[in-house]
Amino acid sequence: NGQVPCSDGVDGACALFRALLSASLQLARIQTDGVVEMLRELYPDLRFEIAVAMSTTGDKILDTALSKIGEKSLFTKELENALERKEVDLVVHSLKDLPTSLPPGFTIGAVCKRENPLDAVVFHPKNRGKTLSLLPEKSVIGTSSLRRAAQLKKKFPQLEFRDIRGNLNTRLKKLDEKEDFSAIILAAAGLKRMGWENRIGQLLSPEDCLYAVGQGALAVEVRAKDQDILNMVSVLHDADTVLRCIAERAFMKRLEGGCSVPVAVNTVLKDGQLYLTGAVYSLDGSDSLRETMQTNVNYPQQNEDGPNDDVQHVGITAKNVSGQAQEAAENLGAELASLLLSKGAKHILSVARQLNDAR
């Protein structure tokens with residue numbers, strides 16, 4: 001039934017833990033397999049089983065832009081239902097798919113080391129060797145992301161941008177087998193995990209295109225009160241990734257952003273300093289606000305037992321990462337968002353949301 005069948009938790013060799021993947025098919029399986037393999041290496045006496053894939057709302061509706069079919073729990077609700085029913089013990093997500101506020105009873109128990117968070121351009125075979133700046137005028141670029149389109153429309157006004165949906169396999173097939181698109185924009189992390197790095201024709205630097213909140217990181221969602229599972233998966237936390245993603249998610253949460261508005265970030269953690277760049281854009285990229293702030297996150301981890309162990313920061317429970325550092329990262333994100341709001345971000349996002357709804 002998916003529950004731990006004995007009372008000795010992760011210390012017992014008889015425990016069975018089930019993980020679930022969504023039906024974004026091959027990539028979801030690769031991501032889930034990778035997390036489960038790390039757990040198997042850490043806990044060789046435990047048995048892990050990957051449950052049958054299920055489709056989410058986001059997986060099923062492929063003929064409509066993501067920004068038009070809702071933004072809360074688009075890829076997660078069905079998976080969380082299985083978690084709540086205890087059919088599974090953990091669910092592996094792309095962190096960027098998880099809303100900044102999780103439903104009661106759930107938490108992100110692990111944020112794994114981040115893959116490259118940048119966006120990548122994959123070109124039609126006839127355009128291999130080119131860059132976006134070298135494509136002919138009126139070339140059509142496929143992307144399902146308002147964030148990408150808004151930034152790139154301003155930088156490359158000679159190009160046209162159109163929605164393209166489907167999993168990675170589907171989008172690449174649409175690119176290669178038809179003449180509809182000269183190139184498509186995808187997350188570099190997904191291409192790398194699929195073993196398709198050779199398809200990357202151009203990596204977009206943060207100067208070209210800031211990335212999505214949480215992009216490139218994998219999250220393991222668990223039941224918040226299930227201490228055995230929470231303790232087990234917490235060893236997968238990568239401290240640098242946790243702090244960067246907490247800052248990014250706090251920025252998004254304070255802005256009340258999501259799929260229907262162009263919000264973008266870039267984070268760097270160096271010498272104990274966390275730098276966060278955040279931006280908001282109009283749909284066509286003509287109006288934007290962008291600022292950078294930093295904070296100290298060089299705090300020691302304090303081993304204190306007590307109720308503060310399970311404090312969540314924008315949905316993340318990371319007991320093995322300094323609580324002071326997590327709080328500083330969350331404050332950084334909120335403060336940067338407040339700065340942009342004081343400069344007019346609310347108006348930009350409100351207009352973008354209205355225009356997107358009217359499309």
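Residues numbered from 1 in each chain as written. Predicted model: local features only at pLDDT ≥ 70, side-chain atom pairs only at ≥ 80, totals over all residues. Heavy atoms only, no water.

So, the overall build of the protein chain
Then, in step 1: When its secondary structure is counted, the protein chain shows 10 helices and 13 strands.
Then, in step 2: Looking at the protein chain alone, contacts between residues at least 24 apart form 72% of all its contacts between residues at least 6 apart.
Then, in step 3: Total accessible area on the protein chain is roughly 15800 Å²; 47% of this is exposed by carbon and sulfur atoms. (Helix = DSSP H or I, 4+ residues; strand = E, 2+ residues; numbered from the N terminus. Contact = heavy atoms within 4.5 Å. Areas by Shrake-Rupley, 256 points an atom, 1.4 Å probe, with all protein chains shown as cover.)

A few points about the sheet that holds strand S6 (residues 140-142)
Then, in step 1: Ordered by their spatial adjacency, 5 strands build an open sheet running S7-S6-S8-S5-S9, and the pairing between neighbours is mixed. In this open sheet, the two strands that pair with only one neighbour each are strand S7 (160-162) and strand S9 (202-204). Across the sheet, the mean angle separating the axes of adjacent strands is 30° when strand polarity is ignored.
Then, in step 2: Looking at chain direction, S6 and S7 are connected through 3 bridges and run parallel. Looking across to S7, one finds that valine 140 is bridged to glutamate 160.
Then, in step 3: Strands in contact with helix H4 (residues 146-155) are strand S5 (119-123), S7, strand S8 (183-187) and S9; relative to S8, the strand with the most contacts, it is inclined by about 130°.
Then, in step 4: Lying on the sheet, helix H5 (residues 168-177) is in contact with S5 and S8; it crosses S8 at an angle near 165°. (Pairing = 2+ DSSP bridges. Axes fitted to C-alpha atoms, helices over the stretch in contact; angles between N-to-C directions.)

Some points on unusual backbone geometry
Then, in step 1: In this structure, aspartate 271 takes a positive phi of about 55° despite not being glycine.
Then, in step 2: As for its placement among the helices and strands, aspartate 271 is situated in the loop between strand S11 (263-270) and strand S12 (273-281).
Then, in step 3: Phi is positive for valine 314, which is not a glycine, with a value near 45°.
Then, in step 4: In this fold, valine 314 is placed in the loop between strand S13 (288-296) and helix H9 (323-342).

Comments concerning the side chain of threonine 107
Then, in step 1: Tracing the chain through its elements places threonine 107 in strand S4 (residues 106-111).
Then, in step 2: Of note is the side chain of threonine 107, whose polar atom sits 3.3 Å from the backbone oxygen of glycine 315.
Then, in step 3: Polar side-chain contacts of threonine 107 include one of 2.6 Å to the side chain of threonine 317. (Polar contact = N/O pair within 3.5 Å; in protein donor to acceptor, adjacent residues only side chain to side chain.)

Side note on the sheet that holds S12
Then, in step 1: Strand order across the open sheet formed by 3 strands is S11-S12-S13, with antiparallel pairing between neighbours. In this open sheet, the two edge strands, each paired with only one partner strand, are S11 and S13. Here the average twist between neighbouring strands, direction ignored, is 15°.
Then, in step 2: With respect to the sheet, helix H10 (residues 345-358) is in contact with S11, S12 and S13, its orientation differing from that of S12 by roughly 50°.

A few points about the pattern of salt bridges
Then, in step 1: One pass over the full model with this rule turns up 14 salt bridges.
Then, in step 2: A salt bridge links glutamate 179 to lysine 126, with the nearest nitrogen and oxygen atoms 2.9 Å apart. Linking glutamate 179 in the loop between H5 and S8 with lysine 126 in the loop between S5 and S6, this pair joins segments that are 53 residues apart in sequence.
Then, in step 3: Relative accessible area serves as the criterion here: at 51%, lysine 126 is assigned to the exposed category.
Then, in step 4: A salt bridge links glutamate 160 to arginine 162; the nearest nitrogen and oxygen atoms lie 3.6 Å apart.
Then, in step 5: Look at glutamate 160 and you get partly exposed, because its relative accessible area is 28%.
Then, in step 6: Via salt bridges that share partners, Asp89, Arg223 and Asp226 belong to a single interconnected network. (Salt bridge = Lys/Arg side-chain N within 4 Å of Asp/Glu carboxyl O. Buried < 20%, exposed > 50% of the residue type's maximum accessible area, 1.4 Å probe, protein only.)

Remarks on H10
Then, in step 1: The terminal C-alpha atoms of H10, which comprises 14 residues, lie 20 Å apart, in line with the 20 Å expected from a rise of 1.5 Å per residue.
Then, in step 2: Considered for burial, the residues of H10 that qualify are Ala345, Ile348, Leu349, Ala352 and Asn356. Looking straight down H10, one finds that the buried residues subtend no more than 90° of arc, so they occupy a single side. Every exposed residue of H10 that faces more than 90 degrees away from the buried side is listed here: Lys346, His347, Gln354, Asp357 and Ala358.
Then, in step 3: On its buried face, H10 sits against H4, helix H8 (239-255), S11, S12, S13 and H9. (Expected span 1.5 Å × (residues − 1). Arc of directions from axis to C-beta.)

A word on the packing of H8 against H9
Then, in step 1: Interaxial distance between H8 and H9 falls to 7 Å at its minimum, and their mutual angle equals 35°. Once H8 is placed against H9, the crossing between them reads as right-handed. Along the contact surface, H8 presents Leu243, Ile246, Ala247, Ala250, Phe251, Arg254 and Leu255, while H9 presents Ala325, Gln326, Ala329, Glu330, Leu332, Gly333, Ala334, Leu336, Ala337, Ser338, Leu340 and Leu341.
Then, in step 2: A breakdown of the residues in the contact of H8 with H9 according to their chemical character gives 14 nonpolar, 3 polar and 2 charged. (Left-handed = near helix turned anticlockwise from the far one by under 90°. Nonpolar A, V, L, I, M, F, W, Y, C, P; charged D, E, K, R; others polar.)

Section: the nonpolar core
Then, in step 1: Within the largest apolar cluster, 44 residues are counted, with the highest numbers of intra-cluster contacts made by Leu95, Ile108, Phe251, Leu255, Val263 and Val280.
Then, in step 2: Here the element with the most residues in this core is H8; it accounts for 9 residues.
Then, in step 3: The contact partners of valine 280, leaving out residues within four places of it in the chain, are Leu255, Pro262, Val263, Asp287, Ser288, Leu289, Leu340, Ala345, Ile348 and Leu349.
Then, in step 4: The next biggest cluster of nonpolar side chains, apart from the first, holds 21 residues, and it includes Val35, Tyr43, Ile50 and Val233. (Core = buried A, V, L, I, M, F, W, Y, C linked by side-chain atoms within 4.5 Å.)

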